[in-house]
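Overview (structure and organization)
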Amino acid sequence: MLNKRTTLNVGPALIVACMLASAGAHAQDLPMPDQGRLLATGGVKQIEGAGGGGLTPWATITGYGSEDSYGVNAHITQVSTQDYRLRTAGIAIGIADRLEMSLSTQQFTGSQAPLDKLELNQDILGIKLRIAGDLVSDQDSWQPQVAVGVMFKRNQAVKGLGALGITSVRQLGAMDEHGIDYYVSATKLDLDHSLLLNATLRMTKANQMGLLGFGGDKGNQYQLQPEISLAYLLSRKLVAGVEYRSKPHNLGVDKEKAYYDAFLAWFPNKQFSLTLAYVNLGDITIFNPKTQRGWYLSLQVGN
């Protein structure tokens, strides 16, 4: 017999298996990756594993495969602030410049007392579908590229706070350890002016992206949160930009605020990209009550 907790743990595993089987079936019908799209049009890896900017997903589909092909890549990202460190690693596939599937894991750790032994882990399964527009071919139109996406998130047990009797985000006030984010992104590229603008609207109950669970003592309803990216193409291989990501405030122990960053992304070729950013993550918890600022570094490899 499966208990309730076992059933919840099996669910995401079945979803992952189905996604990988579907991706494999599609890939068998497609030729080898043709890398037919322009350099940098696949974006980099967003901190939750989706293709886009550093903090927010874009309507772009990861990889450089054209409508007759596909692209696969892997990434590793680290964000370090005064008191905390976040590491993200994952893989993603873009099929026919239409469908994107990603799987990533996040590890969040503390370095300053009283949370110096804290460790939080989260798994994220993402699906994105382009539904309208084309980033490159729609240069003579106002039409942006538009995509819709979902992120299935599973928060694992809290580690390092056993002495305080805390082993779950529920004990910090969260209502759930699992959650789903829904979003729609619109991305417009103006090649004549070397500008890219992205706007994302996300429906979420996640606390700190889900690392502190979903919902809480201050609210347990889905909230609509805006996210904005502005990028300038300094050259064909170098992109600079800024991002803003609004977030809900559901927990009394976490004075959650918006994220900001300024980034520089380098695309020496279609197999490799490197992103460096300076980030402002606001307050993380009341136990280290100060604005968390630091560096973001992300490496992406693939084809």
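Residues numbered from 1 in each chain as written. Predicted model: local features only at pLDDT ≥ 70, side-chain atom pairs only at ≥ 80, totals over all residues. Heavy atoms only, no water.

1. Details of a nonpolar patch on the surface
A cluster of nonpolar side chains, contributed by L129, I131, V148, Y182, V184, L201, M203, Y222 and L224, occupies part of the molecular surface with about 720 Å² of accessible area. Listed by contribution, the elements that provide at least two residues to the nonpolar patch are strand 6 (119-132), strand 8 (178-190) and strand 9 (195-204). Residue position: I131 is located in strand 6. (Patch = residues over 30% accessible without salt bridge, like charges linked within 9 Å, V, L, I, M, F, W, Y side chains within 5 Å. Areas by Shrake-Rupley, 256 points an atom, 1.4 Å probe, with all protein chains shown as cover. Salt bridge = Lys/Arg side-chain N within 4 Å of Asp/Glu carboxyl O. Helix = DSSP H or I, 4+ residues; strand = E, 2+ residues; numbered from the N terminus.)

2. Some thoughts on the nonpolar core
Core analysis: the largest hydrophobic core is formed by 38 residues, its most contacted members being V79, L86, F108, L118, L120, V158 and F267. If you list the elements that add at least two residues to this core, you get strand 4 (84-95), strand 12 (259-269) and strand 13 (272-280). Ranked by residues supplied to this core, first place goes to strand 12 with 4 residues. Beyond its immediate sequence surroundings of up to four residues, V79 is in contact with I47, Y84, R85, L86, V279, L281, W295 and Y296. (Core = buried A, V, L, I, M, F, W, Y, C linked by side-chain atoms within 4.5 Å. Buried < 20%, exposed > 50% of the residue type's maximum accessible area, 1.4 Å probe, protein only. Contact = heavy atoms within 4.5 Å.)

3. Looking at the sheet that holds strand 9
The pairing of strands in a sheet happens through backbone hydrogen bonds and is either parallel or antiparallel. If you walk around this closed barrel you meet the 12 strands as 3-4-5-6-7-8-9-10-11-12-13-14, and the pairing is antiparallel. Ignoring which end each strand starts from, the neighbouring axes of this sheet average 20° apart. Here strand 12 runs beside strand 13; their pairing, made up of 8 bridges, is antiparallel. The residue of strand 13 that forms the bridge with A262 is Y278. (Pairing = 2+ DSSP bridges. Axes fitted to C-alpha atoms, helices over the stretch in contact; angles between N-to-C directions.)

4. Topic: the pairing of strand 12
With 8 bridges joining them, strand 11 (residues 238-245) and strand 12 adopt antiparallel strand pairing. In the strand pairing of strand 12, L238 is matched with W266. Linking two consecutive strands that pair antiparallel, namely strand 12 and strand 13, is a turn of 2 residues.

5. Focus: unusual backbone geometry
Here the phi dihedral of Q35 falls at roughly 50°; this positive angle occurs in a residue that is not glycine. The residue Q35 is located in the loop between helix 1 (4-28) and strand 1 (44-45) in this model.

6. Overview of the side chain of Q46
Its place among the elements puts Q46 in the loop between strand 1 and strand 2 (51-52). At 2.3 Å, the side chain of Q46 and the side chain of E48 are in polar contact. In contact with Q46, not counting residues within four places along its chain, are G53, G54, L55, T56, P57, M151, R202 and R245. (Polar contact = N/O pair within 3.5 Å; in protein donor to acceptor, adjacent residues only side chain to side chain.)

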